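A structural walkthrough
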Amino acid sequence: MEISLAEIAKAVDGEVRGDADKTIRGAAPFENAGCDDITYASGSKFLKKIDKTGAGAVIVPQNFLSHACSKGTVIVKNPQVAFVKTLEIFYPASAPESSINPNACIGKNFKFGKDVSIGPFVVIGDNVTLGDRVTLQPNTVIGDNVVMGNDVRVWPNVTILDRCRIGDRVTIHAGTVIGSDGFGFAPDGEKYVKIPHTGIVRIDDDVEIGAGNTIDRATFGETWIKTGVKTDNLVHIAHNVTVGENTVLVAQVGISGSVTIGKHGVLAGQAGVSGHLTIGDNVTVGPQAGLVKSVPDGETVSGSPEMPHRLWLRVYRILPKLPEIKKKLAELEKKVNALR
Amino acid sequence: MEISLAEIAKAVDGEVRGDADKTIRGAAPFENAGCDDITYASGSKFLKKIDKTGAGAVIVPQNFLSHACSKGTVIVKNPQVAFVKTLEIFYPASAPESSINPNACIGKNFKFGKDVSIGPFVVIGDNVTLGDRVTLQPNTVIGDNVVMGNDVRVWPNVTILDRCRIGDRVTIHAGTVIGSDGFGFAPDGEKYVKIPHTGIVRIDDDVEIGAGNTIDRATFGETWIKTGVKTDNLVHIAHNVTVGENTVLVAQVGISGSVTIGKHGVLAGQAGVSGHLTIGDNVTVGPQAGLVKSVPDGETVSGSPEMPHRLWLRVYRILPKLPEIKKKLAELEKKVNALR
Amino acid sequence: MEISLAEIAKAVDGEVRGDADKTIRGAAPFENAGCDDITYASGSKFLKKIDKTGAGAVIVPQNFLSHACSKGTVIVKNPQVAFVKTLEIFYPASAPESSINPNACIGKNFKFGKDVSIGPFVVIGDNVTLGDRVTLQPNTVIGDNVVMGNDVRVWPNVTILDRCRIGDRVTIHAGTVIGSDGFGFAPDGEKYVKIPHTGIVRIDDDVEIGAGNTIDRATFGETWIKTGVKTDNLVHIAHNVTVGENTVLVAQVGISGSVTIGKHGVLAGQAGVSGHLTIGDNVTVGPQAGLVKSVPDGETVSGSPEMPHRLWLRVYRILPKLPEIKKKLAELEKKVNALR
């Protein structure tokens, strides 16, 4: 593929400085880009060494205007986002053939929009509705009464169970389970009696769910993943959880039942949240943190159990000094006793 | 669906106070129930505000007898368990059509009881035996020589490998793997030599295994999940582990090889247990706890590594004060040195 | 099956002491072996009580030569490895029928070596190449342009996505996902824009990947699992990670994006590694450790955040004494104030 720098600038809503006719043949990272490639530099770390990249052109931020650069540049508001758009030009997402494979097994009363693609050995229950351009990759199982919007992409070996509702432009990666029963049992003396889970999982627009996730249906009502949420791999979300708009759950995070998480949050890898807590908007949770109390809006917390991140930074620097502290205390005690 | 309060009382082995002929049309949580719904109240928190629920009737405990309540009540021993039974009346578990889908692929010498339901693209190896009313949902794979009892329910995309034995009334949620090889390798200087795993996984009656679990077969003998065990999602159970009767493993718990866990235990989310330990009966393990020593019967432990829970509560309250403690020690040292 | 002790000795490159003609009918662990079984004893713990095993013969190390033992023995360099070889004699890995099941769905331009075994409901994309004796178990999905070497064994319900490359003698356990998109999103003010992942996962020879793993493809280039790596169950490996030769990742370990791990390492269960770190060769990481800094060659680290293991051992023994330390400090302060 060949495209001029001017055409790239147009696609990313940027402005060319240098040779607008220069031919670009690929997009690559700063360190590996060749003379026909375009790359990007956003932070000062990369902008300072901009002449070190082998790239033929660089996407740069607006504040770079004053600097000198021998290469062609495209000036944009957000270089990383512009670079992503450039990547989509050179590596367009493969559009699967729109067809329903004869080896799929489809239930009664199936409704679907245009250009759907359903792979072999996909199983679709009764009364399922899919929007336009939905892709169900091989060996995926969709339960009864599931509804999906447009442009949903489901990877192989996914399970989406009865009555779950999926919005527009949702991606669900391989091996994930949506709508399994919540973990609820009533203790009856010796044994546990299973609590029926009559609710659903609702996933709003522009959500991306990673591989190997498990998202349980609500006991009553909805487990609700709101617009723009992104989950990494092996994330567990229990029954009746709400995850707010554009919140990010990194790999192996576990959210217990009936937790509410606000919008624009980040829960780092392997963090865990105890049941029934409320995590506010714009909250950041450190890796492996264990939340046992609710967290107000805007806080950054770390540790297990959690504390404010700044305090935790001081605490964890002291931890390795505990042997020294213990020793010093013993010496001081000795000194004091000698004084008396 | 419509049913009288008297009929509900009969089904849950309870006694009506109030209008026994009242028509009930659903079961719902305390906060959301409407005037045709029944709900339940067990703890004093809910019993105190019993008139706040919009429910038309409430299931209450025996000690509620003396209280006044304007609504119809059903008096029972265990309100939560009675409510679960009521839920089962209004939301009966969907009984799948008993049939063997022509798109299933079934091996030699298959034996099965009455009313089995086998979905499309299920694969069953040779010499498999299923009891009555077993449900194998789509895209599940069953290895050779697997034996299952009655009323087993296997959700989609599950893998159960050769020779594993499943008891009666067992539920296995979507995406789970039963009988993968244990993680055993003999170091041979530079490399590792794989240790064959000749054992099986044995799952006793009334067990429920969550979604996305991995339960490894034994090197020799059995990995043994005893009667009534419940596991949440993404739980890992290694080779040769024994989990005792009615023990609960919450989401993302990991149990290393050859661990023995007693009965009636609870391991909270993301807890981990090191290899070859013995965890006694009635043990409670806190979330994210890391067990490196065996735990006697009846203990409650927390922390990583673990300590008695009460001690851990004191320790973790002191942790955020470490900077203060360090400062105080330095000041004290100064004072003492000035005294000398 | 029956085989003489002499034949076993020959197979494991060992030397018989005692009755070389003795008939052996099985291989079993030290505690459970019967009089027709062979077992092994390597550490002094077992060698001291060698007469306690019911086994008819014992595989022992070379330094056992001087000891007396009434049983037949086979003297070898590495008893555990020799015992594994003996196990393979009595419990040979089932060689699946070499055939392509008519219920598999295979894409265009499929190339494959001799004796491949492809199960029912396997889906293979276009331009896939498999070596000799590759086994793809039921309901596994292989994307376009995947290349596998010889003697690869893929268990059921596995997903291996486009362009991934698998070496020789690789085993991938059930439910694992190879080649899902990395978790990369460019923040665009309110929302996140997905970063296309154009790279692959490359898995070298003699690797074993556990059940329920998720290994993401690189943004550019390769996520690279080098020769001899072994991963346990539910391990997460993010985009652009490199795992060095013969390194072992225990269950539920999580490796963030762009981490490089050296060779001959061990990461114990539930450990996590933050993004972009470099872990050297021969590094050991404790269970539940949380790595936030790079680790040089040969180090052993524990804790979250990590510290040298020996220091951590001292720290964690002091943690339960914190209440005592706090109390002692308060008393000392009182004493000092009384002195002034």
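By the naming in an unreviewed UniProt entry, chain A goes by UDP-3-O-acylglucosamine N-acyltransferase and is assigned to Desulfonema magnum. Of chain A, the UniProt comment under Sequence similarities (unreviewed entry) reads exactly: "Belongs to the transferase hexapeptide repeat family. LpxD subfamily." Quoted straight from UniProt, the Catalytic activity (unreviewed entry) entry for chain A says "a UDP-3-O-[(3R)-3-hydroxyacyl]-alpha-D-glucosamine + a (3R)-hydroxyacyl-[ACP] = a UDP-2-N,3-O-bis[(3R)-3-hydroxyacyl]-alpha-D-glucosamine + holo-[ACP] + H(+)".

If you tally the helices and strands in chain A, you get five helices and 39 strands. If you line up chain A on its principal axes, its C-alpha atoms span 90 × 65 × 30 Å. In chain A, buried positions account for 56% of the 340 residues. Long-range pairs, those at least 24 residues apart, make up 17% of the contacts in chain A between residues at least 6 apart in sequence. When the accessible surface of chain A is totalled, it reaches about 13,600 Å², and 48% of it is carbon and sulfur.

A few words now on the interface of chain B and chain A. Tallying the contact residues gives 55 residues for chain B and 63 residues for chain A. The junction of chain B with chain A conceals about 4,700 Å² of combined surface from both sides, 71% of it contributed by carbon and sulfur atoms. In this assembly, chain B and chain A are joined by one salt bridge. Salt-bridge contacts for Lys194 of chain A lead to Glu208 of chain B; the nearest nitrogen and oxygen are separated by 2.6 Å. Here chain B and chain A share 18 residue pairs in polar contact (both at pLDDT 80 or more) between them. Taken together, the elements giving at least two residues each to the side of chain B that touches chain A come down to helix H3 (79-90), strand S27 (230-231), strand S30 (248-249), helix H4 (309-318) and helix H5 (322-339) of chain B. Ranked by the residues each element gives to the side of chain B that touches chain A, the list is headed by H5 of chain B, at nine residues. For the side of chain B that touches chain A, the class distribution of residues is 31 nonpolar, 17 polar and seven charged.

Attention now goes to the pattern of salt bridges. Scanning all chains against the criterion turns up 27 salt bridges over all chains. A salt bridge links Asp206 of chain B to Arg169 of chain B, with the nearest nitrogen and oxygen atoms 2.7 Å apart. Linking Asp206 of chain B in the loop between strand S23 (200-203) and strand S24 (208-209) with Arg169 of chain B in the loop between strand S18 (165-166) and strand S19 (171-172), this pair joins segments that are 37 residues apart in sequence. Assessed through its relative accessible area of 23%, Asp206 of chain B is described here as partly exposed. The class for Arg169 of chain B is partly exposed, based on a relative accessible area of 42%. Several salt bridges converge on common partners, so that one network encompasses Glu2, Arg25 and Asp36 of chain A.

This part covers the UniProt feature "active site" (unreviewed entry) in chain A. Residue and element names in this part refer to chain A. The sites that carry the UniProt feature "active site" (unreviewed entry) are, in the present numbering, His239. Within the element layout of this structure, His239 appears in the loop between strand S28 (236-237) and strand S29 (242-243). For His239, a relative accessible area of 16% puts it in the buried group. In this structure the side chain of His239 is engaged in a polar contact, spanning 3.3 Å, whose partner is the side chain of Asn240.

A few words now on the environment of Arg153 of chain B. All names here are of chain B. If you trace the backbone, Arg153 turns up in strand S16 (residues 153-154). Separated by 37 residues in sequence, Arg153 and Val116 place their C-alpha atoms 10.0 Å apart. Excluding anything up to four places from it in sequence, Arg153 contacts Ala93, Ser94, Thr135, Gln137, Val170, Thr171 and Ile172.

Take the relation of the copies chain B and chain C next. If you rotate chain B by 120 degrees and push it 0.0 Å along the axis, it lands on chain C with an RMSD of 0.1 Å. Viewed as a symmetry operation, the transformation between the two copies matches a three-fold axis.

The next point concerns the pairing of strand S6 (residues 57-61) of chain C. Residue and element names in this part refer to chain C. The buried fraction of S6 is high, at five of five residues. Where strand S5 (residues 37-40) and S6 come together, three bridges link them in parallel fashion. By the bridge assignment, Ile38 is partnered in S6 with Ala57. The pairing of S6 with strand S7 (residues 72-76) spans five bridges and is parallel. Opposite Ile59, over in S7, you have Val74 as the bridge partner.

This next bit is on the side chain of His173 of chain B. With respect to the helices and strands, His173 of chain B occurs in the loop between S19 and strand S20 (177-180). The exposure class assigned to His173 of chain B is buried, which follows from its relative accessible area of 3%. Of note is the side chain of His173 of chain B, whose polar atom sits 2.8 Å from the side chain of Glu208 of chain B. Beyond its immediate stretch of four places on either side in the chain, His173 of chain B contacts Ser180, Asp181 and Lys194 of chain A together with Trp155, Val158, Glu208, Ile209, Gly210 and Ala211 of chain B.

On domain assignment, one finds that chain A holds domain 1 (3-90) and domain 2 (158-305). Between domain 1 of chain A and domain 2 of chain A, the C-alpha centre-to-centre distance is 38 Å.

The five strands are arranged S2-S7-S6-S5-S4 (chain A) in an open sheet whose pairing can be described as mixed. Looking at the sheet topology across the chains shown, the edges are occupied by strand S2 (15-17) and strand S4 (26-27) of chain A.

Further remarks concern the side chain of Lys226 of chain C. With respect to the helices and strands, Lys226 of chain C occurs in the loop between strand S26 (222-225) and strand S27 (230-231). When near neighbours in sequence (up to four residues on either side) are disregarded, Lys226 of chain C contacts Asp204, Val207, Thr242, Val243, Gly244 and Glu245 of chain C.

This part is about the packing of helix H5 (residues 322-339) of chain A against helix H5 (residues 322-339) of chain C. Where H5 of chain A meets H5 of chain C, the axes come as close as 10 Å, and the angle between the chain directions of the two elements is 30 degrees. As the angle between them shows, H5 of chain A and H5 of chain C are arranged roughly parallel. Between H5 of chain A and H5 of chain C lies a crossing of left-handed hand. Residues Leu322, Lys326, Leu329, Leu332, Glu333, Val336, Asn337 and Leu339 of chain A of H5 of chain A pack against Leu322, Ile325, Lys328, Leu329, Leu332, Lys335, Val336 and Leu339 of chain C of H5 of chain C. Taken together, the residues of the contact of H5 of chain A with H5 of chain C sort by class into eleven nonpolar, one polar and four charged.

In this section: the sheet that holds strand S11 (residues 123-124) of chain B. Residues and elements named next belong to chain B. The sheet built from ten strands is open, its strands ordered S8-S11-S14-S17-S20-S25-S28-S31-S34-S37 with parallel pairing. The sheet terminates laterally at strand S8 (105-106) and strand S37 (290-291), the two strands that pair on one side only. Relative to S11, S8 runs parallel, the two being bridged by two bridges. From the neighbouring strand, Cys105 faces S11, where its bridge partner is Val123.

Taken residue by residue, the interface counts 63 residues in chain B and 55 residues in chain C. Together, the buried faces of chain B and chain C total about 4,700 Å²; carbon and sulfur atoms form 71% of this surface. Looking only at chain B, the three residues that lose the most surface to chain C are Phe183, Tyr192 and Phe220 of chain B, adding up to 14% of its buried area. Taken together, chain B and chain C are joined by one salt bridge. For the side of chain B that touches chain C, the secondary structure elements donating two or more residues are S20, strand S21 (185-188), strand S22 (191-194), strand S25 (214-216), H4 and H5 of chain B.

Criteria and cut-off values
- Residues numbered from 1 in each chain as written.
- Chains lettered and ligands numbered in written order.
- Predicted model: local features only at pLDDT ≥ 70, side-chain atom pairs only at ≥ 80, totals over all residues.
- Heavy atoms only, no water.
- UniProt positions renumbered as here; feature names shortened; annotations may be inferred.
- Helix = DSSP H or I, 4+ residues; strand = E, 2+ residues; numbered from the N terminus.
- Buried < 20%, exposed > 50% of the residue type's maximum accessible area, 1.4 Å probe, protein only.
- Contact = heavy atoms within 4.5 Å.
- Areas by Shrake-Rupley, 256 points an atom, 1.4 Å probe, with all protein chains shown as cover.
- Buried area = accessible area lost by both parts, 1.4 Å probe.
- Salt bridge = Lys/Arg side-chain N within 4 Å of Asp/Glu carboxyl O.
- Polar contact = N/O pair within 3.5 Å; in protein donor to acceptor, adjacent residues only side chain to side chain.
- Nonpolar A, V, L, I, M, F, W, Y, C, P; charged D, E, K, R; others polar.
- Least-squares fit on C-alpha atoms with pLDDT ≥ 70 in both.
- Pairing = 2+ DSSP bridges.
- Domains from an automatic or database assignment.
- Axes fitted to C-alpha atoms, helices over the stretch in contact; angles between N-to-C directions.
- Parallel < 35°, antiparallel > 145°, perpendicular 65-115°, else oblique.
- Left-handed = near helix turned anticlockwise from the far one by under 90°.

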